[in-house]
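# Structure assessment
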Amino acid sequence: MDEQIHERVRDVIRSIPAGQVATYGDVAAVAKAPSPRIVGRILAEDGHDLPWQRVLRANGTPAPHLADEQLQLLREEGVAILDGRIDFAAHRWEESPAARAKAEDDSQPGLF
DNA sequence: CTGGTGACCGAGG
DNA sequence: GCCTCGGCCACCA
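All values reported here derive from a predicted model rather than from experimental measurement.

The complete set of buried residues in helix α3 (residues 36–46) reads V39, I42, L43 and D46. Angularly, the buried residues of α3 cover 105° about the axis, an arc narrow enough to put them on a single face. Exposed side chains of α3 directed beyond 90 degrees from the buried face belong to R37, R41, A44 and E45.

On to the protein's contact with DNA strand B, then. Looking at DNA strand B, there are 13 residues lining it, with Y24, R37, A44, R57 and H65 nearest. Sugar and phosphate atoms represent 35% of those atoms of DNA strand B found within 4 Å of the protein. L43 is positioned such that a nitrogen or oxygen atom in its backbone is 3.1 Å from a base nitrogen of DNA strand B. At 3.4 Å, a side-chain N or O of H65 approaches a sugar or linking oxygen of DNA strand B. At the level of secondary structure, the elements contributing two or more residues to the surface near DNA strand B comprise α2 (24–30) and α3. Residue classes in the surface near DNA strand B are distributed as eight nonpolar, three polar and two charged.

Residue position: Q53 is located in the loop between α3 and β2 (55–56). Here Q53 falls in the buried class, since its relative accessible area comes to 10%. Each residue touching Q53, except ones within four places of it in the same chain, is listed here: Q70, L73, L74 and E77.

On to the confidence of the model for chain A, then. The share of residues in chain A with pLDDT of 70 or more is 82%, and the mean pLDDT across the chain is 86. Highest mean pLDDT in chain A belongs to β2 (96); lowest belongs to helix α6 (residues 97–106) (56).

On to the nonpolar core, then. Residues V9, I13, V27, V39, L43 and V55 are the most contacted members of the largest nonpolar core, which totals 20 residues. Those elements that place two or more of their residues in this core are α1 (2–14), α2 and α3. Not counting residues within four places of it along the chain, the set of residues in contact with I13 comprises V27, L43, L50, P51 and V55. Residues V21, L56, V79 and F88 belong to the second largest nonpolar core, which totals eight residues.

Let us now look at unusual backbone geometry. What is expected of a backbone is that most residues other than glycine have negative phi and most peptide bonds are trans. With a phi close to 65°, K32 is a non-glycine residue in the positive phi region. By the secondary structure assignment, K32 is in the loop between α2 and α3. Its relative accessible area of 36% is what places K32 among the partly exposed residues. Unlike most non-glycine residues, D83 shows phi in positive territory, near 55°. Counting through the fold element by element, D83 comes out in the loop between β3 (81–82) and β4 (85–86).

The next subject is the packing of aromatic side chains. Within this structure, the stated rule accounts for zero aromatic pairs. Between the NZ or CZ atom of R92 and the centre of the ring of F88, over which it lies, the distance is 5.2 Å.

Cut-offs used in this document
- Residues numbered from 1 in each chain as written.
- Chains lettered and ligands numbered in written order.
- Predicted model: local features only at pLDDT ≥ 70, side-chain atom pairs only at ≥ 80, totals over all residues.
- Heavy atoms only, no water.
- Buried < 20%, exposed > 50% of the residue type's maximum accessible area, 1.4 Å probe, protein only.
- Helix = DSSP H or I, 4+ residues; strand = E, 2+ residues; numbered from the N terminus.
- Arc of directions from axis to C-beta.
- Near = heavy atom within 4 Å.
- Polar contact = N/O pair within 3.5 Å; in protein donor to acceptor, adjacent residues only side chain to side chain.
- Nonpolar A, V, L, I, M, F, W, Y, C, P; charged D, E, K, R; others polar.
- Contact = heavy atoms within 4.5 Å.
- pLDDT = per-residue confidence, 0-100.
- Core = buried A, V, L, I, M, F, W, Y, C linked by side-chain atoms within 4.5 Å.
- Phe/Tyr/Trp six-rings, centres within 6.5 Å; stacked < 30°, edge-to-face > 60°.
- Lys NZ or Arg CZ within 6 Å of the ring centre and 35° of its normal.

Written as structure tokens, this is what we have:
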């Protein structure tokens, strides 16, 4: 159900290490979300207690209205920001085995 | 049911 | 670099 997506997306975002970033598309993929848009929606509604600053758009730029706050928070985490966009080459969060295992485990049949 | 909207993505000109 | 189009899915009037 959509609530499962909701939980998974939050879980994935929570698993993003400090100093690293991921795109909405990546989060959607790992969280098994049907579409990146859903990730955005979930963050907008229930991302207040999550490290939402680590989620960026595919081109490396944060969302328009949050850009200021986001960039500042990221800077505090030690993320390199070049001309308003994040340095993907240095901080892009790759689907680490742990994260994938977590996602896999979450989708394991028989648990539910 | 339709239509509009959104913290999106990718391809093509 | 720019803009446009289409697709994606959940939510609401």
